[in-house]
Amino acid sequence: MTTTYGPLVVWAVVGVVGVATFAIRYSFVYLFGRIDGVPPWIEEALRFVPAAVLAALVAPAVVDPGPTLAATVLDDRLLAGAVAAAVAWYTENMFATIAVGLLALWAVGAAM
Amino acid sequence: MLPDDFRAGVRAALPSILGLIPFGLVAGIAAVNAGLSPLQAVGLSAVVFAGAAQLAAIDLLARDASLAVVVVTAIVINLRMAMYSASIAPYFESFRRRWGLACSYLLTDVSYALSIAEFTDDQSTDRRWYYLGVAGAIWAVWQLTTVAGALLGTGIPESWGVSFAVPLVFLALLVDDVSDRPRLVAALVGGSVAVVGAGWPLNLGLLGGALAGVVAGVVVDGRGGSDA
């Protein structure tokens, strides 16, 4: 899929996300000395942001609910994703995870 | 001649750079496959310099999601850096203003984790040089691999399924992050809500899943704390 947004819109997104990201990174470096760090409840919530956001990004890409449980589970992306997750868990290696995941998708696609 | 602490920082960053190379290539390839120009792909890496947020923004742009969802999603993904900023700020306090700005721009998961470990272990390290070694090495590799990916991108046939590399990158980062039960619950709830909400307008399933996951993580963590 390719975007239908024009170049100016894409550059605007790059600019806005870039400025916001820099503001987040610089926030406490700038504020330090004025306040005493992050409030504990924000720090607590921020700890769970990576797991929650990453799972919300991954899950719809590998889980495609079908009419039956079998159709949902026996999906090439879900099977390849499960293999890749196991590789990520045991090797903690991003290259191995991507390589095995792509090979698994290709192998499952050829077998089914 | 570069100071020893700069070179020590570069050396410390080397193992993680092996993981960064495919990640950067995917960021470049995914950007041009989504219809961005190679210059926009490289601009994204140079201006935003945050891999997971870049890939999410690219993915949402490719699906023509609303611009508010694209921007808010990328910002939510990068909110964790506020934690790093707060944690590392005391060590940047003695830097001149321009170095504080430069070091903030270079702040990433890996540069934070490696530097904070060194700063707390060894008081004698020249913090600015060490940090610039770690973060500068990561920055250079990220830019070079994105350029390579952006140039390769359109030459790779769709049938190879390389677009599946994007969720695989997120998956590798996710598995690495899920180190305890509250985080596992946050991931399970976030992922489930996102699957249920996959058809919601404005890609709200993503933001809804993220929010539900964070709330679930906080709740489970609170219960675990009171039991202990």
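Scroll up a little and you will see the structure.
The notes below deal with the structure included here. It should be emphasised that the depicted structure is a prediction, and the values quoted were computed from it without experimental measurement.

### Topic: the pattern of salt bridges
Across all of its chains, the model carries eight salt bridges over all chains by this definition. The partner of E44 of chain A in a salt bridge is R47 of chain A, and the shortest N-O contact between them spans 3.0 Å. Here R47 of chain A and E44 of chain A lie together in helix α2 (residues 40–47), a separation of three residues that amounts to about one turn. Take R47 of chain A: its relative accessible area is 24%, and that puts it in the partly exposed class. Across the pair D109 of chain B and R80 of chain B runs a salt bridge, and its minimum N-O distance is 2.7 Å. In this pair, D109 of chain B sits in helix α7 (residues 109–121) while R80 of chain B sits in helix α5 (residues 80–92), placing the two residues 29 residues apart along the sequence. One continuous salt-bridge network, built from bridges that share partners, spans E44 and R47 of chain A together with D177, D180, R183 and D221 of chain B.

### Overview of the interface of chain A and chain B
Between chain A and chain B, the residue contacts involve 61 residues of the former and 82 residues of the latter. Carbon and sulfur atoms make up 78% of the area that chain A and chain B hide from each other, which totals about 6,500 Å². For the interface between chain A and chain B, the tally reads two salt bridges. Across the pair R47 of chain A and D180 of chain B runs a salt bridge, and its minimum N-O distance is 4.0 Å. Here chain A is connected to chain B by 16 residue pairs in polar contact (both at pLDDT 80 or more). Looking at the side of chain A that touches chain B, the elements with two or more residues in it are α1 (7–31), α2, α3 (49–62), α5 (76–91) and α6 (94–111) of chain A. For the side of chain A that touches chain B, the element with the highest residue contribution is α1 of chain A, accounting for 18 residues. In terms of residue class, the side of chain A that touches chain B is built from 47 nonpolar, nine polar and five charged.

Criteria and thresholds
Throughout, a residue's number is its position along its own chain's written sequence, starting from 1. Think of it this way: whatever chain is written first is A, whatever ligand is written first is 1, and the rest follow in order. Reporting in this predicted model follows two pLDDT cut-offs: at least 70 for local features of residues, and 80 or more for side-chain atom pairs to be given and counted; totals over whole chains, interfaces and linings ignore these cut-offs and use all residues. Values reported for side chains reflect all heavy atoms of the structure, with hydrogen atoms and water molecules removed beforehand. One speaks of a salt bridge when a side-chain nitrogen belonging to Lys or Arg is within 4 Å of a carboxyl oxygen belonging to Asp or Glu. Helix and strand assignments follow DSSP, with helices taken as H or I runs no shorter than four residues and strands as E runs no shorter than two, numbered in order from the N terminus. Think of it in three bands: with a 1.4 Å probe and only protein chains considered, a residue is buried below 20% of the maximum accessible area for its type, exposed above 50%, and partly exposed in between. Contact definition: two residues touch when any of their heavy atoms are within 4.5 Å. Note: buried area is the sum, over both parts, of the accessible area (probe 1.4 Å) each one loses when the two are combined. We call two N or O atoms a polar contact when they sit within 3.5 Å, provided that within protein one can donate a hydrogen and the other can accept it, with sequence-adjacent residues counted only if both atoms are side-chain atoms. When residues are grouped by polarity, Ala, Val, Leu, Ile, Met, Phe, Trp, Tyr, Cys and Pro land in nonpolar, Asp, Glu, Lys and Arg in charged, and all others, Gly among them, in polar.

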